[in-house]
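Close look at the chain arrangement
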Amino acid sequence: MKRQLMCRIATQMLVLVSLLLLQACSKVSMPALSDNAQILAFGDSLTYGKGARDGGDYPAVLSELTGMRVINAGVSGETTTQGLTRLTALLAQEEPELLILLEGGNDFLRNHDLAKTKANLAAMIEQAQVRSIPVLLLAVPQKSIFLSPAEIYSELAEEYELVFMEETLTDLLKTPSMKSDTIHLNNQGYQALATAIHDKLMQAGAL
């Protein structure tokens, strides 16, 4: 009887320790940004702000929320292959303290090879990490009847231990009042996106 009790306690302790380790490993933090930090918001039309009016793009809103310079490095229609080439020069030129990466939607719309898209995104992440620049990764929904985040983003977030926002963009694109068309947000949507990013950065310790 005593032996059974000891085994049960040992099993419970093992489960508890495993859960605590899992929780600790799943919470990725960031170093605090300096007061004069520059944030590089990199991506395609969702970063550029297509569908927004009067400076309603998410980098502009995030700049207001943080009081920091947020560089809008969004190019409408860009694929990850094009973005990979462009990011190299931008990281060297701007020397940001943080990279916000939101790209891949045009690859999905044009039915590009998923493995190639993932490899391009991985190379972008590596370019930042080799410069000790933290990366906030946002998942993009894959083209389908029912929107859901492409799995490559969660795989990349786990592999590179990134601060990660998986559902935010998908949830916004599922909400008609947040969209200017089928694939872009409106001012209200970009405001919500910027606020969610701001909150995530605070949780991660960057702000």
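Just so we're clear, the structure is a prediction, and the values are computed from it rather than from any experiment.

Conventions and cut-offs
- Residues numbered from 1 in each chain as written.
- Predicted model: local features only at pLDDT ≥ 70, side-chain atom pairs only at ≥ 80, totals over all residues.
- Heavy atoms only, no water.
- Helix = DSSP H or I, 4+ residues; strand = E, 2+ residues; numbered from the N terminus.
- Buried < 20%, exposed > 50% of the residue type's maximum accessible area, 1.4 Å probe, protein only.
- Contact = heavy atoms within 4.5 Å.
- Areas by Shrake-Rupley, 256 points an atom, 1.4 Å probe, with all protein chains shown as cover.
- Phe/Tyr/Trp six-rings, centres within 6.5 Å; stacked < 30°, edge-to-face > 60°.
- Expected span 1.5 Å × (residues − 1).
- Polar contact = N/O pair within 3.5 Å; in protein donor to acceptor, adjacent residues only side chain to side chain.
- Core = buried A, V, L, I, M, F, W, Y, C linked by side-chain atoms within 4.5 Å.
- Pairing = 2+ DSSP bridges.
- Salt bridge = Lys/Arg side-chain N within 4 Å of Asp/Glu carboxyl O.

**Some remarks on the overall build of the chain**
Looking only at helices and strands, one finds 9 helices and 7 strands in the chain. Each of the 207 residues in the chain was classed as buried or not, and the buried ones make up 44%. Put simply, of all contacts in the chain between residues at least 6 apart along the chain, 76% involve residues at least 24 apart. As displayed, the chain has an accessible area near 11000 Å², and 56% of this comes from carbon and sulfur atoms.

**Focus on the packing of aromatic side chains**
Applying the stated rule across the entire model yields 1 aromatic pair. With centroids separated by 6.4 Å and ring planes inclined at 85°, the aromatic side chains of F108 and Y153 adopt a geometry described as edge-to-face. In this pair, F108 is assigned in helix α5 (residues 105–109) and Y153 in helix α7 (residues 151–160), connecting sequence segments 45 residues apart. Pair check on accessibility: F108 and Y153 agree, each one buried.

**Notes on helix α6 (residues 114–130)**
The first and last C-alpha atoms of α6 sit 24 Å apart over 17 residues, in line with the 24 Å expected at 1.5 Å per residue. Its buried side turned inward, α6 meets β1 (38–43), α4 (80–94), β3 (98–102), α5, β4 (135–138) and α7. Looking at where α6 begins, the residue whose side-chain oxygen comes 3.3 Å from the main-chain nitrogen of A115 is D113. S132 sits one or two positions beyond α6 and adopts a positive phi of about 60°.

**Points about the nonpolar core**
In terms of nonpolar packing, the biggest core is built from 59 residues, with Y58, I100, L136, Y153 and I197 touching the most fellow members. Each residue touching L136, except ones within four places of it in the same chain, is listed here: M30, L98, L99, I100, L101, V163, F164, M165, I197, K200 and L201.

**Considering the pairing of β3**
In terms of burial, β3 is largely enclosed, as 5 of its 5 residues are buried. Inspection of the sheet shows β3 paired to β4 by 3 bridges, in the parallel sense. Across the sheet, L99 pairs through a bridge with V135, a residue of β4.

**Focus: the pattern of salt bridges**
All chains considered together, the criterion is met by 3 salt bridges. The partner of E78 in a salt bridge is R86, and the shortest N-O contact between them spans 2.6 Å. A salt bridge links K118 to E155; the shortest N-O distance between them is 2.8 Å. Note that K118 is positioned in helix α6 and E155 in helix α7, a separation of 37 residues in sequence.

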